[in-house]
Amino acid sequence: MKKINTYRHKKVLVLGLAKSGVGAASLLHKLGAFVTVNDQKPLSENSAAQGLLEQGIKVICGEHPVELLEDGFELVVKNPGIPYHNPMIVEALRRDIPVITEVELAYQVSEAPFIGITGTNGKTTTTTLIYEMLHTGKKKPLIAGNIGTVASDVAQRAHEDNNIVIELSSFQLMGIDEFRPKIAIITNLYDAHLDYHGSREEYEKAKARITKNQKEQDYLIVNAEQEEVMDIARASKAQIIPFSTKRVLENGVYMENGWICLQGERIMETKDVVLPGAHNLENILCSVAAAKISGVDNDSIYKVLTTFKGVKHRLQFIEEIEGRRFYNDSKATNILATTNAIKAFDEPIILLAGGLDRGNEFDELLPLFKKVKAIITFGQTAEKLERVAREAGIKKIQRVDNVEKAVPVAFELSNPRDVILLSPACASWDQYKTFEVRGDIFTRAVHKLK
């Protein structure tokens, strides 16, 4: 870890806890800052805040009092999930107090370069693939970010010979200042988090921040099939590596005659890839480009892509029971993700779907529902999904209370060679705390069925 004096004797407010807030507060304390933590959750119910209190960090819990900013803070480090229209953030910015996220701190103390991955879909799979390729190629990678490991914790143990592979959300990127990845990736851009950003334009601006500090010796890997992504690339100073599954790119990474190719070099045949789904080919192309830039040999890339079967909750194969294959795609919290999941299979599909109602309809799934022989719905959007299913001509439609009850019903409606797919097309928050919880319940129900 770099021994920086940037925050020594500075008054810093950490707003919101969760893992990133705890990591930021602890790191700032080590760096000699006068840290105050403010979290909405009452102290009596807040084990994270209690732990920071034991470290000698000032803690204020139970509310977010705007008048707290009168205490002379020189910096606010906010939880990424707190929107910029929050009164505390609005007032901090009015007072010209800088507001950053924990990722910025991680970058400032890290001795290791970063490989940053952002986009609407495919971030976690791409992040994991790159990590596995670098690990197999003995490049000493560390993994961080939204994938579950706090960046500031990882950065403290990183050395110059490591590479930090980090998944980055638009929320995190809005709070960077100096953050500069050696390699940046934008997988794709679709409508997402518009309630947070206010518009598609603002969402795209947040994603574009991943390359704002890159220089000529850095790399930006981008989706050549999306004009809005290429617009971001054209404004970047980095070396551009475009990717496409549809056409040959002389200066990029692409598929040609059944081969994955990078700038004319054949890496491996696509028939040997075990990760299901056409959409995952884009994630693979991103990963191959990042790995090759990082010096990973083709044999290591081949080894990963012939063994890697997916990330938990992302089109994850669970079990085969009496000829039915069960897949957990609980991370499919939007229509596009479910579209990709359905496209991944040629077999008849029993679809488990539903969840939080964000006001949208599901008519985009109508053409895909032709591949679905039965649908089991649950959650707030059950009725909306059932309407589209009826229009698609699906005969077997059944509503249940939750994911757990959906599993045995799906089995009863299925036949050998069918795929039973949890791909909700909705967030989980109407019934479950996280999509991980939802996916774990599905997985346990499948094992129980066996």
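Before any of the text, the structure's been laid out above.
This structure is a prediction, so every number in the text was calculated from the model and none was measured. (Residues numbered from 1 in each chain as written. Predicted model: local features only at pLDDT ≥ 70, side-chain atom pairs only at ≥ 80, totals over all residues. Heavy atoms only, no water.)

A. Seen up close, the overall build of the chain. Per the secondary structure count, the chain includes 16 helices and 20 strands. For a compact globule of 450 residues, the expected C-alpha radius of gyration is about 22 Å, and the chain comes in at 23 Å, within 12% of that figure. The C-alpha extent of the chain, read off along each of the three principal axes, is 65 × 55 × 40 Å. Within the chain, buried positions represent 57% of all 450 residues. Carbon and sulfur atoms make up 47% of the accessible area of the chain, which amounts to about 19,200 Å² in all. If the 57 positive side-chain charges of the chain are averaged to one point and the 59 negative ones to another, these points end up 3 Å apart. (Helix = DSSP H or I, 4+ residues; strand = E, 2+ residues; numbered from the N terminus. Rg over C-alpha atoms; globule rule 2.2 N^0.38 Å. Buried < 20%, exposed > 50% of the residue type's maximum accessible area, 1.4 Å probe, protein only. Areas by Shrake-Rupley, 256 points an atom, 1.4 Å probe, with all protein chains shown as cover. Lys, Arg positive; Asp, Glu negative; His and termini not counted. Charge placed at Lys NZ, Arg CZ, Asp CG, Glu CD.)

B. Representation of the pattern of salt bridges within the structure. Taken as a whole and judged by the stated rule, the model has 26 salt bridges. One salt bridge in this structure joins Lys312 and Asp440, with 3.3 Å as the shortest N-O distance. One end of the pair, Lys312, is in the loop between helix H12 (298-305) and strand E15 (316-321); the other, Asp440, is in helix H16 (residues 435-449), with 128 residues separating them in the sequence. Residue Lys312 is classed as partly exposed on the basis of its relative accessible area of 44%. (Salt bridge = Lys/Arg side-chain N within 4 Å of Asp/Glu carboxyl O.)

C. Examining empty space enclosed by the protein more closely. Going through the model one piece at a time under the given rule, you end up with one cavity of 30 Å³ or more. By volume, the largest cavity is sized at about 30 Å³. Taken together, Val14, Leu15, Gly16, Ser20, Gly21, Ala24, Val77, Lys78, Asn79 and Glu102 make up the full set of residues lining the largest cavity. Secondary structure elements with two or more residues in the lining of the largest cavity: strand E1 (11-15), helix H1 (18-30) and strand E4 (75-78). In terms of residue count, the dominant contributor to the lining of the largest cavity is H1 (three residues). Residues belonging to the lining of the largest cavity are distributed by class as follows: four nonpolar, four polar and two charged. (1 Å grid on protein atoms, 1.4 Å probe; cavity = no way out; pocket = protein on both sides within 12 Å on 5 of 7 lines; lining within 4 Å. Points joined across faces, edges and corners; volume = space filled by probe spheres on them. Nonpolar A, V, L, I, M, F, W, Y, C, P; charged D, E, K, R; others polar.)

D. Representation of the pairing of strand E19 (residues 396-399). The pairing of strand E18 (residues 372-377) with E19 spans four bridges and is parallel. Residue Ile376 lies in a different strand from E19, and its bridge partner there is Gln398. Read as a crossover between parallel neighbours, the route from E18 over helix H14 (residues 382-391) to E19 is right-handed. (Pairing = 2+ DSSP bridges. Right-handed = clockwise from strand over helix to strand, strands pointing away.)

E. Expanded view of the packing of helix H11 (residues 279-293) against H12. Relative to each other, H11 and H12 sit at 150 degrees, their axes nearing to 10 Å. Viewed along their axes, H11 and H12 adopt a mutual orientation that is roughly antiparallel. Between H11 and H12 the crossing geometry is right-handed. Where H11 abuts H12, its residues Ile284, Val288, Ala291 and Lys292 lie against Asn298, Ile301 and Leu305. In the contact of H11 with H12, the residues fall into five nonpolar, one polar and one charged. (Axes fitted to C-alpha atoms, helices over the stretch in contact; angles between N-to-C directions. Parallel < 35°, antiparallel > 145°, perpendicular 65-115°, else oblique. Left-handed = near helix turned anticlockwise from the far one by under 90°. Contact = heavy atoms within 4.5 Å.)

The analysis is restricted to geometry; functional conclusions fall outside its scope.
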